[in-house]
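Examination of the molecular architecture
Spelled out from the first residue to the last, the chains are:
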Amino acid sequence: MMRCSTRWVQLSLLVFFNLFCIPVFADEVTDNKDSQPPIIGAGAHFAWVIFNDLKPALQQSSGRTVELFGKESMLGMGCNAGIKMAQQNRPGSESFGFVCCPLSEEEVKEKNIQVHPIAKEPILILVNKNNKIQNLSQQQVSKIFSGKITNWSEVGGDDKPIVVVTRLHCKHRPGHWKTILPDAKSFRKDRLNVKSAAEMVKRVTDFPGAIGHTGATWVFGSGSNVKSVNVGGISPTADNLRAGHYPFYRELSAVTNHQASADVIAIINRVQTGPEFSKVAKEYELVPIKQ
Amino acid sequence: MAPPHTYRNQLILYVVLLEVFLIGVLFFFYGQSRDAILDAANRNLGLFVSQLNAKVKLEEHELGQSARLISNNVQLREYMFVVVSIGTETDPLNELFQREFGWLQFNCAAIISRDGSVLVGDDKQLLAAINENQITEKPEGEVFYYTTEDSIEMATFMPVYYQNEFLGNVVLTRTMDTRLIETARSIDYGQFFVVSNGKILRSSLQGDFAGRDFKESDGQLLLGQDSYLVSKVSYFTGKDIPQVWFGFSNPELTGRLDRNRSQMLALVLGASIIILIIGIAMIRNFSKPVGRLVSIMHQVGKGQFPEIEATQSRDEFGYLINRFQDMVTRLKEKQDEVDLVHSQLEEQATTDALTGLYNRRYLYDLYPKLLSDAKRQGKNITVILADLDKFKLINDKYGHIAGDYVLSHVSGIMRDCCRTSDFVFRIGGEEFLVLTTGGLSGGEILAEKMRSKIESSPLKRGDLILSITSSFGVAQLEPMDAGLGDILARVDKALYMAKDSGRNRVQVLDRRSIQTNGKSG
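Report on the accompanying structure. Being a predicted model, the structure only gives us computed values, none of them experimental.

1. Here's the deal with the overall build of chain B
In terms of regular secondary structure, chain B is built from 12 helices and 20 strands. Residues counted as buried form 43% of the 521 residues belonging to chain B. Long-range contacts, defined as pairs at least 24 residues apart, comprise 58% of the intrachain contacts of chain B with a sequence gap of at least 6. Total accessible area on chain B stands at roughly 28,600 Å², and carbon and sulfur atoms take up 52% of it.

Shown next, in the form of structure tokens:
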């Protein structure tokens, strides 16, 4: 009975991948006529952006079809999904994940996975475009997010109450928003806590007095009305991040289990070290970790 | 006895009774239907108002659901939190509300913060009603009504919470009475009245009835020339909330009754005509042949045998008539046979077969009638008795057949001599009797005439030539005669005297004298 149900799950997943991926989620139709099944990658959106931009090069270099989920799919919904995808990797059904938060050693050990760091990504401090504030010190940012500063006038802006918008995901993972404040309790209680980067951008767009945060790989659409501010006079660029001047960042990584195939590793390596990643990194102000 | 005509009369009576019954039933049902229509109108009114109340209640529920939908919206709660707790401007909240909830069915909307300030909404009348109703103190979802210049508004509210913190209320409204009025106008079913302080504020009637008195009494409303059955819609309650009434106009009902009555009259007329036609057809088709049959039987009963024309009709009556025709024909034939036999028998009973003269038996039957006729006419009866002389010798010499010829010959002569009012009998073998009313002298003359004729008319039969003589006695009825026997005795005596006197002569005899008259033979 257990064997039957496992096989049923596997069959369902296979059917689902093949039906769901090709017409809706496949960005490109691969001309790869390789009979091997595609390599699936899924996980956090911000890391997906990188892999997605590099997908043609990855397929060409690996000779394999790569299918990625991370933008709007049910499979790619954050770091946890990436870890799960990595754990599901096995011969004949190769997969890996991508995460946008650093993973603790305990978690890596516990989940029996391998982390393949890709790049550091600046965390942007967002304000409404109509906000005349262009720069905040790190301390001001901390105070604003902690609720010690509640009006823009206190930091040189208009007399408007500050609306703090946060997305405190992956609370048990180090880094990312924890570079702003160390834990969730430190953040201002009367704030808006959203569940996605899209909501974050929407809130900051809607409220002129809002302040929020998101990764630099987020693609701001035409409907957004936000801008990022400098922190301590430092703009959120790769150079400033590399130099350690910009304080808020996170790590984008790929994750696999210990049975990742050579092709999977090659793909990840290509991202980490390939020449194509430089362009992407530059576009999104990322700091490649392995290059 | 005249033949009966009761069947036709009965048929006519039945048709008339049927007509009366039909008309009575229809009028009865017209009355019943009128009452039924009015009762039904009252019931329908009550039912409609109940349904209306239920519909209003449903709308309250739907409005509450819409308000709940808004108050439970995550984004709205967040935005409201930002506005209420943090204190930013309300524009984002307004834009969000319009964008996300503009499709819901409500008339006005407002979002009120917990401190009573208006976050969304600018309808002054709604805001005033909110203030008045102090909705922050009411339980969740309670409905209240308020009035604007031209409508009654149903309003409901729903509290908004964010992370267990009360932020304020969402208030939605729907216009009630004007929608009902427009609906009533569009479907032309009943009328709505919005009434305040006994005056009509607005109604679904065509025309301007605003300001007119609304005087309702026991469910009846009189408005100018028209009357209505009305009932109050009980759901619109509240201080200073106008009453809403619903009603059917009596013209609508009476219009239906008029149509009902016209239909009924048409039905009565049509049914009456049909019944009359059927009745006439029945009377014709039944009564006529039955009457004919009755007439035939009546005539047959009277001993008549009418000529019955055969009919080509193939129904039962045609069969009966044709069978009647056969029956009457056969009856007639039988009757003719019977008559013939009867006449023959009668003839046999009254006439002498040989001579054809009346016989003795008939003499006794006829005499009383002749006597009574003679007395009525003031006449007297004279009896002439004749006897052939030496007839036995003729029989003996020439045979009985010759004797029969003699008798026939003589009877013929005697009949010819007599008048039609005289009666000639053969009462014996060669004895003849004549009853006449000509008096004694007349009888004598007649007797002499007959004697003379007999004598001068010998029987000629082939080679046989026979001379015949006869003797006659004549007597008339005397007052003291008890009956025919007395006069017969006297006339017999006269005959005997004639025979004694030499035969071939006439002897008259009365009670006073005996006369001898005639020549020797």
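2. Section: the packing of helix α9 (residues 391-398) of chain B against helix α10 (residues 400-417) of chain B
Residue and element names in this part refer to chain B. With their axes 6 Å apart at the nearest point, α9 and α10 run at an angle of 135° to one another. Here α10 runs oblique to α9, going by the angle between their axes. Side by side, α9 and α10 meet where F391, I394, N395 and Y398 of the first sit next to H400, A402, G403, V406 and L407 of the second.

3. Details of the pairing of strand β8 (residues 210-215) of chain A
Residues and elements named next belong to chain A. By the criterion of burial, β8 is predominantly enclosed, with 6 of the 6 residues buried. Side chains A210, G212 and T214 project from β8 onto one buried face, and the interleaved I211, H213 and G215 project onto a second face that is buried too. Direction of pairing for strand β4 (residues 114-128) relative to β8: antiparallel, over a ladder of 5 bridges. Across the sheet, L126 pairs through a bridge with G212, a residue of β8. Bridge count between strand β6 (residues 163-166) and β8: 2 bridges; the pairing is parallel. The residue bridging V163 from the neighbouring strand is A210, located in β8.

4. Concerning helix α3 (residues 91-101) of chain B
Turning to α3(B), its buried residues number three or more, namely B:P92, B:L93, B:L96, B:F97 and B:F101. Along the axis of α3(B), the buried residues cluster in a sector spanning 135°; they form a single face.

5. Points about the sheet that holds strand β5 (residues 165-175) of chain B
Residue and element names in this part refer to chain B. Across the sheet, which stays open at both edges, the 5 strands sit in the order β2-β1-β5-β4-β3 with antiparallel pairing between neighbours. In this open sheet, the two edge strands, each paired with only one partner strand, are β2 (118-120) and β3 (143-147). For this sheet the average axis-to-axis angle between neighbouring strands, irrespective of direction, equals 35°. Of the strand pairs in this sheet, β3 and strand β4 (residues 152-162) are connected by 5 bridges, and their pairing is antiparallel. Looking across to β4, one finds that Y146 is bridged to E153.

6. Some thoughts on the state of the cysteines
Inspection of every chain in the model, using the stated rule, returns 0 disulfides over all chains. The thiol sulfur of A:C101 is not disulfide-bonded, and the nearest other cysteine sulfur, from A:C170, lies at 3.7 Å. Using a relative accessible area of 0% as the deciding quantity, one classes A:C101 as buried. As a non-bridged cysteine, B:C418 has B:C417 as the owner of its nearest cysteine sulfur, 6.7 Å distant. With relative accessibility at 10%, the residue B:C418 sits in the buried group.

What counts and what doesn't
- Residues numbered from 1 in each chain as written.
- Chains lettered and ligands numbered in written order.
- Predicted model: local features only at pLDDT ≥ 70, side-chain atom pairs only at ≥ 80, totals over all residues.
- Heavy atoms only, no water.
- Helix = DSSP H or I, 4+ residues; strand = E, 2+ residues; numbered from the N terminus.
- Buried < 20%, exposed > 50% of the residue type's maximum accessible area, 1.4 Å probe, protein only.
- Contact = heavy atoms within 4.5 Å.
- Areas by Shrake-Rupley, 256 points an atom, 1.4 Å probe, with all protein chains shown as cover.
- Axes fitted to C-alpha atoms, helices over the stretch in contact; angles between N-to-C directions.
- Parallel < 35°, antiparallel > 145°, perpendicular 65-115°, else oblique.
- Pairing = 2+ DSSP bridges.
- Arc of directions from axis to C-beta.
- Disulfide = S-S within 2.5 Å.

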